[in-house]
Amino acid sequence: MDIDMERVLQPLTESQQRQLTRLAIEAGQRLLQHGAESSVIMDVTRRLGLALGVEHVEVSLSASSMVISTRHLGTCITTTRRCQDSGINMQIVTDIQRICILVERGLLDCRDVQSRLENLKTERYNRWLVVVMIGLSCAAFSRLAGGDWPVFMLTFCASSVGMYVRQQIASYHFNPLLNFAVTAFVTTLISGLGEVYNIGEQPFLAMASSVLMLVPGFPLINAVADMVKGFPSMGLARWTMASLLTLSTCMGIVAAMNVLDVWGWLL
């Protein structure tokens, strides 16, 4: 603790303090962009600023931006960043937390932190592996619900094609609401063929199971966690976005049912 206090109270020039402030807010910005909880964002940003040498750190969050103020020996610097959503990625969140821990242990300095933040890379699973695994997971839900093997295969095909469509739309950076609506429409259109052609004993299970990949579970969990942990505005913003994604999914499902004139489990 004494060592930490000595580091915090070391004199800093205004340019040095400004650099430390920028590093802290860049780390927080990455965390917010990639879906970290509000408590994690504020905690890591504050700890990183203190570990880098400033005396005090204050953080303010909103759904699409963040503000940070650092104070050191009477000098206060405030900066803000716009945080555009970059998709949920827990690898980035974990890497930034690891950087923070290394700084606290004295193993990294400002240059090291800046270099590591600049070199953070988003590693993703092979897209075809994701398509297959999503198809299998949704198909497994249909089996758990009592579906037979024809329903299993229909669910696998519908959800796999739907996931491929979702990836393609996302690669062109379309609005997530449009993405979810189109994906739900295509997925339900394929799975609804089971009702049209009487595939399996309970073909409606394929319609219900194939769209489970569109449930916004992570945003909903984060929304509840934020509200419970004292960040109601962030929680409500995330809850609203998750609700809009759910609404878009429902619109896509209903549109496909209208096209096929098949209402599956709704009747």
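For clarity, every value in this text was computed on a predicted model and none was experimentally measured. (Residues numbered from 1 in each chain as written. Predicted model: local features only at pLDDT ≥ 70, side-chain atom pairs only at ≥ 80, totals over all residues. Heavy atoms only, no water.)

Moving on: the side chain of Arg 30. Relative to the assigned elements, Arg 30 resides in helix 2 (residues 14-33). With relative accessibility at 18%, the residue Arg 30 sits in the buried group. In this structure Arg 30 touches Ile 92, Ile 96, Leu 117 and Leu 120, once residues within four positions along its chain are discounted. (Helix = DSSP H or I, 4+ residues; strand = E, 2+ residues; numbered from the N terminus. Buried < 20%, exposed > 50% of the residue type's maximum accessible area, 1.4 Å probe, protein only. Contact = heavy atoms within 4.5 Å.)

In this sheet, strand 3 (residues 75-82) lies alongside strand 2 (residues 65-72) in antiparallel orientation, the contact comprising eight bridges. Note that in strand 3 the partner of Ser 65 across the bridge is Arg 82. A loop of two residues connects strand 2 with strand 3, the two strands running antiparallel in sequence, and Leu 73 in this loop sits at a positive phi of about 50 degrees. (Pairing = 2+ DSSP bridges.)

Attention shifts here to the domain arrangement of the chain. For the chain, the assigned domains read domain 1 (14-119) and domain 2 (127-260). Once you take the C-alpha centre of each, domain 1 and domain 2 turn out to be 35 Å apart. Contacts between domain 1 and domain 2 engage 13 residues on the former and 10 residues on the latter. Among the residues of domain 1 in contact with domain 2, Glu 37, Ser 38 and Ile 88 are the three that bury the most area, contributing 47% of the side total. There are one salt bridge connecting domain 1 and domain 2. As a salt-bridge pair, Lys 229 and Glu 37 come within 2.7 Å of each other at their nearest N and O atoms. For the pair domain 1 and domain 2, the number of links is four residue pairs in polar contact (both at pLDDT 80 or more). With four residues, helix 3 (residues 38-52) is the single largest residue contributor to the side of domain 1 that touches domain 2. Class assignment of the residues belonging to the side of domain 1 that touches domain 2 gives a composition of eight nonpolar, four polar and one charged. (Domains from an automatic or database assignment. Buried area = accessible area lost by both parts, 1.4 Å probe. Salt bridge = Lys/Arg side-chain N within 4 Å of Asp/Glu carboxyl O. Polar contact = N/O pair within 3.5 Å; in protein donor to acceptor, adjacent residues only side chain to side chain. Nonpolar A, V, L, I, M, F, W, Y, C, P; charged D, E, K, R; others polar.)

Let us look at the sheet that holds strand 2. Pairing is antiparallel across the open sheet formed by three strands, whose spatial order is 1-2-3. In this open sheet, the two strands that pair with only one neighbour each are strand 1 (56-61) and strand 3. Looking at each pair of strands side by side, their axes are set apart by 15 degrees on average, direction ignored. Relative to strand 1, helix 3 is tilted by about 155 degrees, and along the sheet it contacts strand 1 and strand 2. (Axes fitted to C-alpha atoms, helices over the stretch in contact; angles between N-to-C directions.)

Per the UniProt record, "transmembrane region" (unreviewed entry) is found at residues 125-143, 149-165, 177-197, 203-224 and 236-260. Overall, residues 125-143 shows 89% helix and 0% strand. The separation of its end C-alpha atoms is 26 Å. The distance separating the terminal C-alpha atoms of residues 236-260 is 36 Å; by composition the span is 100% helix and 0% strand. (UniProt positions renumbered as here; feature names shortened; annotations may be inferred.)

A few words on the layout of surface pockets. When its volume is computed, the largest pocket comes out at roughly 2,100 Å³. Along the walls of the largest pocket sit 50 residues, with Asp 85, Ser 86, Gly 87, Ile 88 and Arg 166 positioned nearest its centre. Secondary-structure elements contributing two or more residues to the lining of the largest pocket are helix 2, helix 4 (90-104), helix 6 (127-144), helix 7 (149-171), helix 8 (176-191), helix 11 (217-228) and helix 12 (232-260). Broken down by element, the residue count for the lining of the largest pocket peaks at seven residues, all from helix 6. In terms of residue class, the lining of the largest pocket is made up of 27 nonpolar, 16 polar and seven charged. Counting the residues that make up the lining of the largest pocket, at least three belong to each of domain 1 (14-119) and domain 2 (127-260). (1 Å grid on protein atoms, 1.4 Å probe; cavity = no way out; pocket = protein on both sides within 12 Å on 5 of 7 lines; lining within 4 Å. Points joined across faces, edges and corners; volume = space filled by probe spheres on them.)

For the rest of this paragraph, the subject is the packing of helix 3 against helix 4. Taken N-terminus to C-terminus, the directions of helix 3 and helix 4 make an angle of 30 degrees; their axes are 9 Å apart at the nearest point. The angle between helix 3 and helix 4 places the two elements in the roughly parallel class. The element helix 3 and its partner helix 4 pack so that their crossing is left-handed. From helix 3, Val 40, Val 44, Arg 47, Leu 48, Ala 51 and Leu 52 reach across to helix 4, where they touch Ile 96, Gln 97, Cys 100, Ile 101, Val 103 and Glu 104. Residue composition of the contact of helix 3 with helix 4, by class: nine nonpolar, one polar and two charged. (Parallel < 35°, antiparallel > 145°, perpendicular 65-115°, else oblique. Left-handed = near helix turned anticlockwise from the far one by under 90°.)

Another point: helix 11. In this model helix 11 runs 17 Å from its N-terminal to its C-terminal C-alpha over 12 residues, within 8% of the 16 Å that 1.5 Å per residue would give. Restricting attention to buried positions, one finds in helix 11 the residues Asn 222, Ala 223, Ala 225 and Asp 226. Contacts made by the buried residues of helix 11 are with helix 3 and helix 12. Gly 230 occupies a position one or two residues after helix 11 and carries a positive phi of about 95 degrees. (Expected span 1.5 Å × (residues − 1).)

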